[in-house]
2 protein chains.
Amino acid sequence: MTTDALALPMAVPAAGLPARVRIHEVGARDGLQNEKATVPTEVKAEFVRRLADAGLTTIEATSFVRPEWVPQLADAERLYPLVAGLPVALPVLVPNERGLDRALRLGARRVAVFASATESFAKANLNRTVDEALAMFEPVVARAKAEGVHVRGYLSMCFGDPWEGPVPLPRVVRVCRALLDQGCDELSLGDTIGVATPGHVTALLAALEEAGVPVSALGVHFHDTYGQALANTLAALQHGVTTVDASAGGLGGCPYAKSATGNLATEDLVWMLRGLGIDTGVDLGRLVATSVWMAERLGRPSPSRTVRALAPTVASPASHKEQ
Amino acid sequence: MTTDALALPMAVPAAGLPARVRIHEVGARDGLQNEKATVPTEVKAEFVRRLADAGLTTIEATSFVRPEWVPQLADAERLYPLVAGLPVALPVLVPNERGLDRALRLGARRVAVFASATESFAKANLNRTVDEALAMFEPVVARAKAEGVHVRGYLSMCFGDPWEGPVPLPRVVRVCRALLDQGCDELSLGDTIGVATPGHVTALLAALEEAGVPVSALGVHFHDTYGQALANTLAALQHGVTTVDASAGGLGGCPYAKSATGNLATEDLVWMLRGLGIDTGVDLGRLVATSVWMAERLGRPSPSRTVRALAPTVASPASHKEQ
């Protein structure tokens, strides 16, 4: 007499979509970085372990920025060794050479730099112009590549900017090209304030394709501020994108844009991908249980619709004791 | 320094989508029908007036079911005359000939019957088999058509059913055909428990097309239980659907399926359609203000992401005094 029996959608593939999607899980970094109350390092480590146990294979672990920039992630040196042995990719953010040094010292094999498509956000987030930020990343990317380390380039404000409004496509394309020319292995196109709609997504991907950027080097990173994240993801998949950023439970937000609510929830994404018959390797029940567990630690319910709908079916305190 | 200036998405059309979409607004009926606390008739009337003022052109007003079935809508006879003069289409639900009599007496020019694709929900919602329900609708549709009244046929549980699981496409097609053969002018395909994903939507629309059902006669009605409603809508638009049901502020839910949260929020839909350059005639600011106003009356915030994001920019108590 309930929907409990319907824990998964019926798989009905759609034409023109990829057979497999890699989820780049950002909950432990992007999701937690704006939490005001300090999350204990061991809780973060356990979160990463549970995400890995749920089948996620790329889990962004933390950020090697200056501790005063992001106090929540000031424990990067203590956290990373706790999870480094997991059989998953564990990218970490590095804004500059000092951050790279810290990450390399701990044995990180994947790092990410974070650029902005707009001057306003480059100034707000990095206190630099777009080109000054790119200049800062150049030696970071070069040294990482020389060490055989995989480099992701995040690009914020690819669609709209809270100060500048809509962002012209050529400006996004220029920074994407610059990051790839520096040696980035992949890019993540961020809709930091969640304003994008599917036609805009398609137009940006087409513009990048025209500029010689292979779609295989592109990931998408949508925020659900206006409820558009999953529709935008569908448009990206239809254009051949196979890497999608998401945050378990929809954790996260942007500190410099007050309306920027959480990232696309990994669970909502997995529901759609399962329904489309697209393999992700994720166990949705375990993932929901993980997000419920994390929500209990943060003291508020997950904003993910799928987590809210499935929580009663997967999570009882008794069945999920601490490992 | 905020997103306030970005009140609207940039319009970037996508290939293969309709130029115009008609939103069938269900907030005043589907959205309110499960509210436990009785909403005063005048508040409902004001809600409908504000929805019309925001540019919605089809606003489902109420339901002429037996008052004890849906106590919240027991005031249909008092409500309808309060809004009948608005220059919009005002469909009303009628389950049987008695309901039709009541609607016709008040001058209703659009009615809707509500069928189920599954036996379990037909039993739960109408205490009849699917075929017994169809037999009940037959004289309703025939008499309405004889009076020149437009008839919509709702079809619930087109994708999944809480008791039966995934619903086979042929079963949905059969009931759709039966409703059209009875004389229904349009159908609304309901994902009552929100489990559908885009490939399933496309497959059902294709199956209906193969069965000779014109896409122009089809509307879609998605629930956001698992966050899939807007992605499913995009898939439907890509298949040529131009009628989309939505509920202002995401009001609503299904009483017989505990996890069935609200309908697709009209605001989230309008955001996407505006971004796609698709005309709806809706003023998003006025619509958000209307949902904020209604949320205040219901005593809880709207679940719509767009309403939550834009509420601070459009709604202050001083600027929206009672009309």
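Description of the structure in this document.

Thresholds, definitions, all that
Residues numbered from 1 in each chain as written. Chains lettered and ligands numbered in written order. Predicted model: local features only at pLDDT ≥ 70, side-chain atom pairs only at ≥ 80, totals over all residues. Heavy atoms only, no water. Helix = DSSP H or I, 4+ residues; strand = E, 2+ residues; numbered from the N terminus. Buried < 20%, exposed > 50% of the residue type's maximum accessible area, 1.4 Å probe, protein only. Polar contact = N/O pair within 3.5 Å; in protein donor to acceptor, adjacent residues only side chain to side chain. Contact = heavy atoms within 4.5 Å. Axes fitted to C-alpha atoms, helices over the stretch in contact; angles between N-to-C directions. Parallel < 35°, antiparallel > 145°, perpendicular 65-115°, else oblique. Left-handed = near helix turned anticlockwise from the far one by under 90°. Nonpolar A, V, L, I, M, F, W, Y, C, P; charged D, E, K, R; others polar. Pairing = 2+ DSSP bridges. Least-squares fit on C-alpha atoms with pLDDT ≥ 70 in both. Buried area = accessible area lost by both parts, 1.4 Å probe. Core = buried A, V, L, I, M, F, W, Y, C linked by side-chain atoms within 4.5 Å. Expected span 1.5 Å × (residues − 1). Salt bridge = Lys/Arg side-chain N within 4 Å of Asp/Glu carboxyl O.

### Regarding the side chain of Arg305(B)
- Within the element layout of this structure, Arg305(B) appears in helix H12 (residues 305-314).
- Accessibility expressed as a relative area gives 18% for Arg305(B), which makes it buried.
- Of the polar contacts made by the side chain of Arg305(B), one reaches the backbone oxygen of Pro303(A); its length is 3.1 Å.
- When sequence neighbours within four positions are dropped, the list of residues in contact with Arg305(B) reads Asp224(A), Thr225(A), Tyr226(A), Gly227(A), Pro303(A), Arg305(A) and Asp268(B).

### A short note on the packing of helix H10 (residues 266-275) of chain A against helix H11 (residues 284-298) of chain A
All names here are of chain A.
- Where H10 meets H11, the closest approach of the two axes is 10 Å, and the angle between their N-to-C directions is 165 degrees. Accordingly, the angle class assigned to the pair H10 and H11 is roughly antiparallel. Like other packed secondary-structure pairs, H10 and H11 cross with a definite hand, here left-handed. Within the contact between the two elements, H10 uses Thr266, Glu267, Val270 and Trp271 and H11 uses Leu284, Leu287, Val288 and Ser291.
- Of the residues contributing to the contact of H10 with H11, the split by class is five nonpolar, two polar and one charged.

### A short note on the sheet that holds strand E4 (residues 92-93) of chain B
Residues and elements named next belong to chain B.
- The nine strands are arranged E2-E1-E11-E10-E9-E6-E5-E4-E3 in an open sheet whose pairing can be described as parallel. Single-partner strands in this sheet number two, and they are strand E2 (58-59) and strand E3 (62-63).
- Here strand E1 (residues 22-25) runs beside strand E11 (residues 243-246); their pairing, made up of four bridges, is parallel. Residue pairing across strands places His24 opposite Asp245, the latter belonging to E11.

### Here we look at the environment of Ala203(B)
- Position of Ala203(B) relative to the elements: it lies in helix H8 (residues 198-210).
- Relative accessible area serves as the criterion here: at 21%, Ala203(B) is assigned to the partly exposed category.
- Considering only alpha carbons, one finds Ala203(B) and Ser116(B), 87 residues apart in sequence, at a separation of 19 Å.
- Residues in contact with Ala203(B), not counting those within four places in the same chain, are Val12(A) and Leu169(B).

### A short note on the relation of the copies chain B and chain A
- Once chain B is rotated about the relating axis by 180 degrees and shifted along it by 0.0 Å, it coincides with chain A to within an RMSD of 0.0 Å. Accordingly, the operation relating the two chain copies is best matched by a two-fold axis. Every residue of chain B has its C-alpha some distance from the rotation axis, and the shortest such distance is that of Ala231(B), at 2.0 Å.
- Most of the interface of chain B is mirrored in chain A: 98% of its interface residues are interface residues there too.

### Side note on helix H9 (residues 229-238) of chain B
- Counting buried residues in H9(B) gives nine out of 10 residues, a clear majority hidden from the surface.
- Among all positions in H9(B), only Ala229(B), Leu230(B), Ala231(B), Asn232(B), Thr233(B), Leu234(B), Ala235(B), Ala236(B) and Leu237(B) are buried.

### Here's the deal with the interface of chain B and chain A
- Counting residues at the interface gives 49 residues for chain B and 48 residues for chain A.
- Of the roughly 4,200 Å² buried at the junction of chain B and chain A (both faces included), carbon and sulfur atoms supply 64%.
- The tally of links between chain B and chain A comes to 13 residue pairs in polar contact (both at pLDDT 80 or more).
- Elements represented by at least two residues in the side of chain B that touches chain A include exactly strand E7 (160-161), strand E8 (165-166), H8, H9, helix H10 (266-275) and H12 of chain B.
- If you tally residues by element for the side of chain B that touches chain A, the top one is H12(B), at five residues.

### Some points on the nonpolar core
- Formed by 227 residues in total, the largest nonpolar core has its most connected members in Phe137(A) and Phe137(B).
- Setting aside anything within four residues of it in sequence, one finds Phe137(B) in contact with Pro95(B), Val113(B), Phe114(B), Ala115(B), Leu126(B), Leu179(B) and Gln182(B).

### Points about H11(A)
Residues and elements named next belong to chain A.
- The terminal C-alpha atoms of H11, which comprises 15 residues, lie 21 Å apart, in line with the 21 Å expected from a rise of 1.5 Å per residue.
- Within H11, 11 of the 15 residues are buried, which leaves it mostly tucked inside the rest of the structure.
- Within the sequence span of H11, burial applies to Leu284, Leu287, Val288, Ala289, Thr290, Ser291, Val292, Trp293, Met294, Ala295 and Leu298.
- Among the structural elements, helix H2 (41-53), H10 and helix H12 (305-314) are those in contact with the buried residues of H11.

### Remarks on the pairing of strand E6 (residues 150-156) of chain A
All names here are of chain A.
- Extensive coverage of E6 is indicated by the burial of six of its seven residues.
- Sheet topology places strand E5 (residues 110-116) next to E6; seven bridges connect them, and they run parallel. The partner of Val111 across the bridge, within E6, is Val151.
- Summarising the sheet, E6 and strand E9 (residues 186-191) pair through four bridges and their orientation is parallel.

### Details of the sheet that holds strand E10 (residues 218-222) of chain A
All names here are of chain A.
- If you walk across this open sheet you meet the nine strands as E2-E1-E11-E10-E9-E6-E5-E4-E3, and the pairing is parallel. Of all the strands in the sheet, the pair left with one neighbour each is strand E2 (58-59) and strand E3 (62-63).
- Of the strands in this sheet, E9, E10 and strand E11 (243-246) are in contact with helix H9 (residues 229-238), which crosses E10 at around 165 degrees.

### A short note on unusual backbone geometry
- Positive phi, close to 55 degrees, is recorded for Asn127(A), a residue that is not glycine.
- Mapped onto the secondary structure, Asn127(A) falls in the loop between helix H5 (119-126) and helix H6 (130-146).
- You will see that Met157(B), though not glycine, has its phi angle at about 55 degrees, which is positive.
- Looking at the element boundaries, Met157(B) is found in the loop between strand E6 (150-156) and E7.

### Some details on the packing of H10(A) against H12(A)
Residue and element names in this part refer to chain A.
- Direction vectors running N to C along H10 and H12 enclose 85 degrees, while the axes themselves pass 7 Å from each other. Between H10 and H12, the angle falls in the class roughly perpendicular. Facing H10, whose interface residues are Glu267, Asp268 and Trp271, H12 presents Arg305, Thr306, Val307 and Leu310.
- Residues belonging to the contact of H10 with H12 are distributed by class as follows: three nonpolar, one polar and three charged.

### Focus on the pattern of salt bridges
- Throughout the structure, instances matching the rule amount to 46 salt bridges over all chains.
- Where Arg300(B) meets Glu35(B), a salt bridge forms, and the shortest distance between an N and an O atom there is 2.4 Å. You can see Arg300(B) sitting in the loop between helix H11 (284-298) and H12 and its partner Glu35(B) sitting in the loop between helix H1 (27-31) and helix H2 (41-53), a full 265 residues away along the chain.
- For Arg300(B), a relative accessible area of 39% gives the class partly exposed.
- Overall, Glu35(B) belongs to the buried group, its relative accessible area being 12%.
- Note that Arg49(B) is salt-bridged to Glu42(B), the shortest N-O span being 2.8 Å.
- On the accessibility criterion, Glu42(B) (41% relative accessible area) is partly exposed.
- Look at the salt bridges and you will find they share partners, linking Arg22(A), Arg152(A), Glu186(A) and Asp245(A) into a network.

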